[in-house]
Amino acid sequence: IWMYVQAAVQSGTVALLNDAYMLGRVWFPREIIPLAPVVAGLIDLAMAAVVLVGVVAVQIGTVSLAIVTLPLMLYVLLVWVAAICVFTATITIFLRDVATLVGLFLRLMFIATPVMYPASVVPPELGWVTVVNPFAVIINNLRAVILGLDWPNFATLGVQGAAGTVLFALSLAYLRSVERRMVDVV
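As the structure is a computational prediction, the values presented were derived from the model and not from experiment.

(A) Representation of helix α9 (residues 154-185). Given a rise of 1.5 Å per residue, 32 residues ought to cover 46 Å, and the 43 Å separating the end C-alpha atoms of α9 matches this to within 8%. When the local axis directions of α9 are compared, the greatest deviation, roughly 60 degrees, occurs at Glu 179. Taken together, the buried residues of α9 touch α2 (15-18), α3 (20-23), α5 (70-94), α7 (129-132) and α8 (134-146). Where α9 begins, the capping side chain belongs to Asn 153, and its oxygen is found 3.1 Å from the backbone nitrogen of Ala 155.

In structure tokens:
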């Protein structure tokens with residue numbers, strides 16, 4: 001999951017800048033450019049998921065019925081990554097240093113997300129981070145579902161899904177509001 005997030009966000013952030021020559025040409029929906037890495041990364045993510053579920057099935061001997069909730073977690077992941085990509089790509093057109101800040105942000109998020117450690121080792125006074133951080137919510141729920149430990153926490157997934165959807169809509173609205181100025185700046 002984290003490799004997908006990092007690759008998509010880093011590529012999506014500079015996508016409009018890298019393809020700036022296309023902005024002055026024929027009109028097309030500009031959001032396609034930063035969303036391309038989000039969609040392209042799904043192929044790698046799908047292959048990794050198949051391998052992971054296969055390994056878990058072999059090691060544990062069974063796959064939990066809760067695996068049917070994977071599309072919900074994938075939706076939450078996609079809206080957050082898409083929202084971040086569209087917003088940061090739009091800002092990067094006007095402020096070129098945003099790409100560098102996004103790299104730093106991703107490093108900090110990696111530390112704040114229980115990728116290399118279980119959420120149970122997070123001190124209680126910092127437990128709120130695993131609820132506020134959308135990627136922590138996704139990874140914790142995926143870990144529980146794939147390992148057959150429990151059903152996902154639908155409340156936190158719902159809140160993160162709704163927040164991600166709103167942020168994605170706001171990112172698209174911001175992109176459309178500055179679309180005409182982008183060609184002049186580039």
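(B) Broad picture of the nonpolar core. In this structure, Tyr 4, Val 5, Val 9, Leu 16, Leu 77, Val 81 and Phe 135 are the most contacted members of the largest nonpolar core, which totals 42 residues. Within the residue set of this core, elements represented by two or more residues are α1 (2-13), α2, α4 (32-60), α5, α6 (98-112), α8 and α9. Top element by residues in this core is α5. It accounts for 13 residues. Sequence-distant contacts of Val 9, that is, excluding residues within four places in its chain, are made with Val 81, Ile 84, Cys 85, Val 102 and Leu 106.

(C) View of the environment of Thr 113. Note that Thr 113 resides in the loop between α6 and α7. Between the C-alpha atom of Thr 113 and that of Pro 134, which follows or precedes it by 21 residues, the distance is 8.8 Å. With residues near it in sequence (within four places) discarded, Thr 113 still touches Trp 2, Asn 133, Phe 135, Ala 136 and Ile 139. At a separation of 2.8 Å, a polar atom in the side chain of Thr 113 contacts the side chain of Asn 133.

(D) Structural context of the pattern of salt bridges. Applying the stated criterion to the full structure yields two salt bridges. Measuring nitrogen to oxygen at the nearest pair gives 4.0 Å for the salt bridge that ties Arg 30 to Glu 179. Taken together, the positions of Arg 30 in the loop between α3 and α4 and Glu 179 in helix α9 put the pair 149 residues apart, joining distant regions of the chain. We classify Arg 30 as buried; its relative accessible area is 5%. Taking the relative accessible area as the measure of exposure, Glu 179 reaches 14% and is therefore buried.

(E) View of the packing of α1 against α5. The geometry of α1 relative to α5 is characterised by a closest axis approach of 8 Å and an angle of 25 degrees between their N-to-C directions. It follows from the interaxial angle that α1 and α5 lie roughly parallel. Taken as a pair, α1 and α5 cross one another with a handedness that is right-handed. Residues Tyr 4, Val 5, Ala 8, Val 9, Gly 12 and Thr 13 of α1 lie in contact with α5, whose contacting residues are Leu 77, Leu 78, Val 81, Ile 84, Cys 85, Thr 88, Ala 89 and Thr 92. For the contact of α1 with α5, the residue count by class is 10 nonpolar, four polar and no charged.

(F) Quick peek at the side chain of Thr 90. Structurally, Thr 90 can be placed in helix α5. Here Val 86 takes part through its backbone oxygen, which lies 2.7 Å from a polar atom of the side chain of Thr 90. Not counting chain neighbours up to four residues away, the residues in contact with Thr 90 comprise Leu 16, Tyr 174, Leu 175 and Val 178.

(G) Here's a closer look at the environment of Val 183. Mapping Val 183 onto the fold places it in helix α9. C-alpha separation for the pair Val 183 and Glu 125, spaced 58 residues apart in sequence, amounts to 47 Å. Setting aside chain neighbours within four positions, we find Val 183 in contact with Leu 23, Gly 24 and Arg 30.

(H) Highlighting the side chain of Gln 160. Relative to the elements of secondary structure, Gln 160 occurs in helix α9. Note on Gln 160: relative accessible area 6%, which makes it buried. Of note is the side chain of Gln 160, whose polar atom sits 2.9 Å from the backbone oxygen of Val 131. Once residues lying within four places of it in the same chain are set aside, the contact partners of Gln 160 are Val 76, Trp 80, Val 131, Val 132, Asn 133, Pro 134 and Val 137.

Reading the values: the criteria
Along each chain, the written sequence defines residue order, and numbers are assigned to residues from 1. Reporting of local features is limited, given that this is a predicted model, to residues whose pLDDT is at least 70; pairs of side-chain atoms are given and counted only at 80 or more, and all residues count toward the totals for whole chains, interfaces and linings. Side-chain metrics rest on all non-hydrogen atoms present in the structure, leaving aside hydrogens and water. By the criteria applied, helices consist of DSSP H or I runs no shorter than four residues and strands consist of E runs no shorter than two, each listed in order from the N terminus. The span expected for a helix works out to 1.5 Å for each residue beyond the first. The bend at a residue is defined as the angle formed between two axes, one fitted to the seven residues ending at that residue and one fitted to the seven starting there. Here, residues are in contact when the closest pair of their heavy atoms is within 4.5 Å. Here a polar contact is recorded for every N or O atom pair within 3.5 Å, except that within protein the pair must consist of a potential hydrogen donor and a potential acceptor, and residues adjacent in sequence are included only if both atoms are side-chain atoms. The nonpolar core is taken to be a set of buried Ala, Val, Leu, Ile, Met, Phe, Trp, Tyr and Cys residues, with the residues joined through side-chain atoms within 4.5 Å. Throughout, exposure labels follow a simple rule: accessible area from a 1.4 Å probe, protein chains only, divided by the maximum for the residue type, with under 20% read as buried, over 50% as exposed, and the rest as partly exposed. Criterion for a salt bridge: a side-chain nitrogen of Lys or Arg within 4 Å of a carboxyl oxygen of Asp or Glu. All axes are obtained by fitting lines to C-alpha atoms, using only the stretch in contact for helices, and the reported angles, taken between N-to-C directions, cover 0 to 180 degrees. Convention used here: angles under 35 degrees read as roughly parallel, angles over 145 as roughly antiparallel, angles from 65 to 115 as roughly perpendicular, and any remaining angle as oblique. For a crossing to be left-handed, the near helix must be turned anticlockwise from the far one by less than a right angle; the clockwise case is right-handed. Here the nonpolar group is Ala, Val, Leu, Ile, Met, Phe, Trp, Tyr, Cys and Pro; Asp, Glu, Lys and Arg are the charged ones; every other residue, Gly included, is treated as polar.

Geometry only, nothing functional implied.
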